[in-house]
Amino acid sequence: MVNWFWRKKPEEGEKPAESPAAHALETPRIEASEAAPAPVEPVVEAPAPVTTSEPAIDDYAHAAPAATPGKPGWRERLKGSGMARSLGGLFSRNPKLDDDLLEEIETALLTADVGVKATAALVDDLRTRMGRREFADAQALLAALREDLVALLRPVAQPLLIDGTAKPFVIVTIGVNGVGKTTTIGKLARKFRDDGRSLMLAAGDTFRAAAVAQLQAWGERNGVQVVAQGQDADAAAVAFDAYASAKSRGTQVLIADTAGRLHTQSGLMDELGKIVRVLGKHGAGIPHEILMVIDGTTGQNAISQVRAFNSKVPVTGLVVTKLDGTAKGGVVFALAREFGIPIRYAGIGERPEDLRVFDPEAFVDALLPASLGQ
């Protein structure tokens, strides 16, 4: 017995003390890349402690209350936009039906970033109908303009439908720096969670260390698992591993974040194409949705952004954010006319509830008064 203890002590006496520590240090990496069952427990339990509920309160302490449900909420948030002010002011003074009115409408639309093509189509239709004496007064012309604006948006007002048989249904979010991409992911996570869907987030923005932490904070807040590998990791590998993890767990939705990039940065744009190609190795049609986030305050620059991103990966849906701020509002019409890409959501406030399914009637009603003097 004595000899046995003396032999064991030099060989294993210290290793048992080191081995658990070594495994503990490696656990986060195993959780991220291999998605072992262990990580589920802390993520699911995270929302329960007080420390997890406090960040949500702090995050929105400075924010306005959520917009009123339905059309009134759209109007209260968009009535200060450039388009609402210019067109609303124009019709509130009961203008005469003449070419000067059409010129003022044209100027207002162009100033509001509706775009040259969309503006020309709208004004030409009004001019033709005015020549046929279809309008008895400015009120009738206003109604016609409202109808034309809704008709322009209606084909792109297509909500994001989750295929329940995909498991996971993969959404890759893209966009330039500062458009609110990661925040939009967090809000979508809240929506899907409230709908009773299981989901996972992939921290594919490995370009910024803060981006991974931000997404992990959203995950903790919403009780959602986040797959991450740290700064400077291969973003395509993160997405690939996240899909494998979500698939093995039967997760319904996987949302992959990507690094914000300027559309002029060819290297990062090529990386975006790689992420999509690598995910495609899991099966045809994957990713199921490539969702591009657009800042509504950028105006016509949004057109060049979508054109550049769409040339690298097939953009299947748009989210237009920050429409409640200094946005002129018209860029939504320009995007619809130029690309015809479905507009899935619109952001009209800071709170999760303010990320709304795009509603063309409510949007136009918020920008243009239904009757003179409103």
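Along each chain, residues carry numbers from 1 onward, in the same order as the chain's sequence is written. Owing to the predicted nature of the model, reporting of local features is limited to residues with pLDDT of at least 70; listing and counting of side-chain atom pairs is limited to 80 or more, with chain, interface and lining totals taken over all residues. Only heavy atoms go into the side-chain values, all of them from the structure, while hydrogens and water stay out.

## Quick notes on the pattern of salt bridges
And step 1. By salt bridge we mean one thing: a side-chain nitrogen of Lys or Arg within 4 Å of a carboxyl oxygen of Asp or Glu. Taken as a whole, this structure holds 17 salt bridges when the rule is applied.
And step 2. Between R132 and E134 there is a salt bridge; the shortest N-O distance is 2.7 Å.
And step 3. In this structure, R344 engages E289 in a salt bridge whose closest nitrogen and oxygen atoms are separated by 2.9 Å. Taken as a pair, R344 in strand β7 (residues 343-347) and E289 in strand β5 (residues 289-295) lie far apart in primary sequence, 55 residues in all. Across the pair, exposure class does not vary: R344 and E289 are buried alike. Here a strand is any run of E in DSSP of at least two residues, a helix any run of H or I of at least four, and the numbering for each starts at the N terminus. Residue burial is assigned from relative accessible area. The probe radius is 1.4 Å, only protein chains are included, and a residue is buried under 20% of its type maximum, exposed over 50%, and partly exposed in between.

## Things to note about the nonpolar core
And step 1. The biggest cluster of nonpolar side chains holds 108 residues, and the ones touching the most others in it are F192, F333 and F363.
And step 2. In this description, contact between two residues means that some pair of their heavy atoms is separated by no more than 4.5 Å. Excluding residues within four positions of it along the chain, F363 makes contact with W74, L78, L153, L323, G329, V332, F333 and F358. Definition used in this section: a nonpolar core is a set of buried Ala, Val, Leu, Ile, Met, Phe, Trp, Tyr and Cys residues joined via side-chain atoms within 4.5 Å.

## So, the sheet that holds strand β8 (residues 355-357)
And step 1. When DSSP finds two or more bridges between two strands, those strands count as paired. Here eight strands make up an open sheet; going across it, the order is β3-β2-β4-β1-β5-β6-β7-β8 and the pairing mixed. Of all the strands in the sheet, just β3 (225-227) and β8 have a single pairing partner and so form its edges. For this sheet, the mean inter-axis angle between neighbouring strands, taken without regard to orientation, is 25 degrees.
And step 2. In the sheet, strand β6 (residues 317-321) pairs with β7 via three bridges, with the strands oriented parallel. The residue bridging V319 from the neighbouring strand is Y345, located in β7. Each axis is a line fitted through C-alpha atoms, and for a helix only the stretch in contact is used; angles between axes span 0 to 180 degrees, taken between their N-to-C directions.

## Remarks on the confidence of the model for the protein chain
And step 1. Averaged over every residue, the pLDDT of the protein chain is 83; residues scoring 70 or more account for 81%.
And step 2. A score from 0 to 100, pLDDT tells how confident the predictor is in each residue. Residue range residues 1-58 is modelled with pLDDT below 50. Its contacts to residues more than four positions away, or to other chains, number 33 contacts.

## Brief notes about the pairing of strand β1 (residues 169-174)
And step 1. With six of six residues buried, β1 is to be regarded as a mostly interior element.
And step 2. Burial along β1 is two-sided: the face carrying F169, I171 and T173 and the face carrying V170, V172 and I174 are both buried.
And step 3. As defined by bridge partners, β1 adjoins strand β4 (residues 253-256) across four bridges and the pair is classed as parallel. Pairing of V170 across the sheet is with L254, part of β4.

## A look at the packing of helix α6 (residues 82-92) against helix α7 (residues 99-111)
And step 1. Two elements in contact, α6 and α7, have axes whose closest approach is 9 Å; the angle formed by their N-to-C orientations is 170 degrees. With respect to α7, the axis of α6 lies roughly antiparallel. Of the two elements, α6 crosses α7, and the hand of that crossing is right-handed. Across the interface between the two elements, M83, S86, L87, L90 and F91 from α6 touch L101, E104, I105, A108 and L109 from α7.
And step 2. Amino acid classes used here: Ala, Val, Leu, Ile, Met, Phe, Trp, Tyr, Cys and Pro are nonpolar; Asp, Glu, Lys and Arg are charged; the rest, including Gly, are polar. Of the residues contributing to the contact of α6 with α7, the split by class is eight nonpolar, one polar and one charged. Just so you know how the angles are binned, under 35 degrees is roughly parallel, over 145 roughly antiparallel, 65 to 115 roughly perpendicular, and the rest oblique. By convention the crossing between two helices is left-handed if the near helix lies anticlockwise of the far one by an angle smaller than a right angle, and right-handed if it lies clockwise.

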